[in-house]
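Remarks on the overall topology
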Amino acid sequence: MDFSLNEEQKSLVALMKEFCKREVDVKKLNELADKPIPPNATREDAMARIPWDIMKKAHDVGLRQIPVPKEYGGGGYGPKWVTLTALAEAAGYWGGQMGRLFTIPWKHCASLVTAPKSVQEEFFPAFMKNIKTMAAASISEPNHGTDIHLPYDEPGASGKCFAIKDGDEWVLNGDKLFCTAGAVSDYIIMFVRTDKDGPVTKSMTSFLVPVNTPGFSITRLNDFMGNEITSNAQFHLENCRIPDRLRTSPVNGAWKGMVIKQSGKYLHLAALMGEMQKIWEDMRDYTKTRIQGGKPIIQHPNVGMLIAEADVLIRTERALMYQYAWECENDEKVKPGVVNPQGWWYICYWHKKVVLRMVEIGMEVYGGMGPSKELSFERWVRLQLSYLHGGSTAQIALIRAIPALQGKAL
């Protein structure tokens, strides 16, 4: 198992580094994300938070569309998980929140590579034509988020957003919440019930929903402790008609795809890991310049061991991440384009544990400054705490891994 990058991958990572250093002002991105979200915020307000000028430049150099199939004009790297992981890590390290602006479309482009041709022909040309075209995935529902994620699989127990077949169309009704980038996306990959009475694992179907479809509306932009630059949103669907050609799964067969869709979130965590590496380096450098007791505090064992511990934690996360990416590309049991979810559940668990410990270590290391907003990682702390719910909590991630440990299929 060789995790080293080949020359092509190294070249792409160098391109990402050069692009971020040349075009990205991390401080400005953080300021955009920190703009207050009023209760009546609209899609237009959310769109105004995105630096579309940078996204256009990213498209011009080929980074934005790197997972799009070559037949649609993209780079054809979807889903080449090792390459995408390396690029995501570099984007997070050098560009901060640019890591999110890259990995959100990358994840969905990579997942749609295996979608029906009618879905690909709807999405990829639109994505390539307009640099403002984004996609999101919507799973959670009011009062039914954890139910769907675990799942509690009693008949009819969870999921209240329904789709009913009417000729060549499906009529969607219900509410969705906690959709990452939902307020700035043109398409939502929507997971809804198509069997009201069955267990959720055998009752879900997914659709590519254009947000300009009559009956689709954004009901709220969520205001988190630390907001990212791509606004999280809630939706209402009222007699929203979607043609069957935009169905992305078999009828009542979306559960496995939903699990795999969540697994693609690990690209987000790869970007966050890259940013965490930069946070750690800043922390380490601080301990070399902060003098206490006549010497740099890194020479004090109680501080030096914390810096070493943080280094070990990040290294273990990186090893887990690249092993997962490698297995997804090379495991004969994994179909091309399909991500094995077990590795994702482990990564989801471990990343969140590492983040919490990094916050604790940072507060110790920067103890002489107090909990000041001048701390170099102050915004990072707020943002990471807001990410802890993403894809499920750490504990739920391990609960979901149990069937795989028992050798049971999805």
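Up top is the structure.
Conventions adopted
Residues numbered from 1 in each chain as written. Predicted model: local features only at pLDDT ≥ 70, side-chain atom pairs only at ≥ 80, totals over all residues. Heavy atoms only, no water. Pairing = 2+ DSSP bridges. Helix = DSSP H or I, 4+ residues; strand = E, 2+ residues; numbered from the N terminus. 1 Å grid on protein atoms, 1.4 Å probe; cavity = no way out; pocket = protein on both sides within 12 Å on 5 of 7 lines; lining within 4 Å. Points joined across faces, edges and corners; volume = space filled by probe spheres on them. Nonpolar A, V, L, I, M, F, W, Y, C, P; charged D, E, K, R; others polar. Buried < 20%, exposed > 50% of the residue type's maximum accessible area, 1.4 Å probe, protein only. Phe/Tyr/Trp six-rings, centres within 6.5 Å; stacked < 30°, edge-to-face > 60°. Lys NZ or Arg CZ within 6 Å of the ring centre and 35° of its normal. Axes fitted to C-alpha atoms, helices over the stretch in contact; angles between N-to-C directions. Parallel < 35°, antiparallel > 145°, perpendicular 65-115°, else oblique. Left-handed = near helix turned anticlockwise from the far one by under 90°. Contact = heavy atoms within 4.5 Å. Salt bridge = Lys/Arg side-chain N within 4 Å of Asp/Glu carboxyl O. Disulfide = S-S within 2.5 Å.

1. As for the pairing of strand E2 (residues 162–166)
Pairing geometry for E2 and strand E3 (residues 169–179), over five bridges, is antiparallel. Residue Ile164 lies in a different strand from E3, and its bridge partner there is Val171.

2. What to know about empty space enclosed by the protein
Under the counting rule described, the total for this entry stands at three cavities of 30 Å³ or more. By volume, the largest cavity is sized at about 220 Å³. Lining the largest cavity are 22 residues, and of these Arg100, Lys265, Tyr387, His389 and Gly390 lie nearest its centre. Put simply, the parts of the chain that give the lining of the largest cavity at least two residues each are helix H10 (266–289), helix H12 (341–365) and helix H13 (378–387). For the lining of the largest cavity, the per-class residue count stands at eight nonpolar, ten polar and four charged.

3. Things to note about the environment of Pro38
Secondary-structure assignment places Pro38 in the loop between helix H2 (26–33) and helix H3 (43–47). Assessed through its relative accessible area of 35%, Pro38 is described here as partly exposed. Distance in space between the C-alpha atoms of Pro38 and Arg220 is 9.7 Å, their sequence separation being 182 residues.

4. A word on the packing of aromatic side chains
The relation between two aromatic rings is expressed through the spacing of the ring centres and the mutual angle of the planes. Under the criterion given, the structure shown has 15 aromatic pairs. Members of the aromatic cluster, joined through ring pairs, are Tyr72, Phe123, Phe124, Phe127 and Tyr187. Sitting over the face of the ring of Phe127, Arg64 holds its NZ or CZ atom 3.7 Å from the ring centroid. A cation over an aromatic ring shows up here: Lys80 above the ring of Tyr77, its NZ or CZ 5.1 Å from the ring centre.

5. A look at the packing of H12 against helix H14 (residues 394–405)
A packed helix pair is summarised by two numbers, namely the angle formed by the two axes and the spacing between the axes. At a minimum axis distance of 8 Å, the contact between H12 and H14 shows a crossing angle of 155°. With respect to H14, the axis of H12 lies roughly antiparallel. Read as a crossing pair, H12 and H14 show a hand that is left-handed. The residues of H14 that touch H12, namely those facing Gln342, Trp345, Tyr346, Cys348, Tyr349, Lys352 and Lys353, are Ala394, Gln395, Ala397, Leu398, Arg400, Ala401, Ala404 and Leu405. Its residues assigned to classes, the contact of H12 with H14 comprises ten nonpolar, two polar and three charged.

6. Examining the pattern of salt bridges
Counted by the stated rule, this structure contains 22 salt bridges. Among the salt bridges present, the one from Arg22 reaches Glu23, with a minimum N-O distance of 2.9 Å. For Arg22, a relative accessible area of 46% translates into the label partly exposed. Between Lys117 and Glu71 there is a salt bridge, with the nearest N and O atoms lying 2.8 Å from each other. Placement of Lys117 in helix H7 (residues 117–129) and of Glu71 in the loop between helix H4 (52–60) and helix H5 (81–95) is noted, with a sequence separation of 46 residues between them. Here Glu71 falls in the exposed class, since its relative accessible area comes to 59%. Salt bridges here are not isolated pairs; linked through shared partners, they connect Glu18, Arg22, Glu23 and Lys57.

7. With respect to the state of the cysteines
Scanning the model with the defined rule gives zero disulfides in all. Cysteine Cys109 remains unbridged, with the sulfur of Cys179 as its closest cysteine sulfur at 15 Å. Here Cys109 falls in the buried class, since its relative accessible area comes to 0%.

8. As for unusual backbone geometry
The omega angle of the peptide bond from Gly78 to Pro79 is -5°, so this bond is cis rather than trans. Note on placement: Pro79 falls in the loop between H4 and H5. One non-glycine residue, Phe178, lies in the positive phi region at around 55°. Secondary-structure assignment places Phe178 in strand E3. A relative accessible area of 39% means that Phe178 is categorised as partly exposed. At Asn252, a position not held by glycine, the phi torsion is positive, near 65°. Among the secondary structure elements, Asn252 is positioned in the loop between strand E7 (233–243) and helix H9 (255–263). You can call Asn252 partly exposed: its relative accessible area is 24%.

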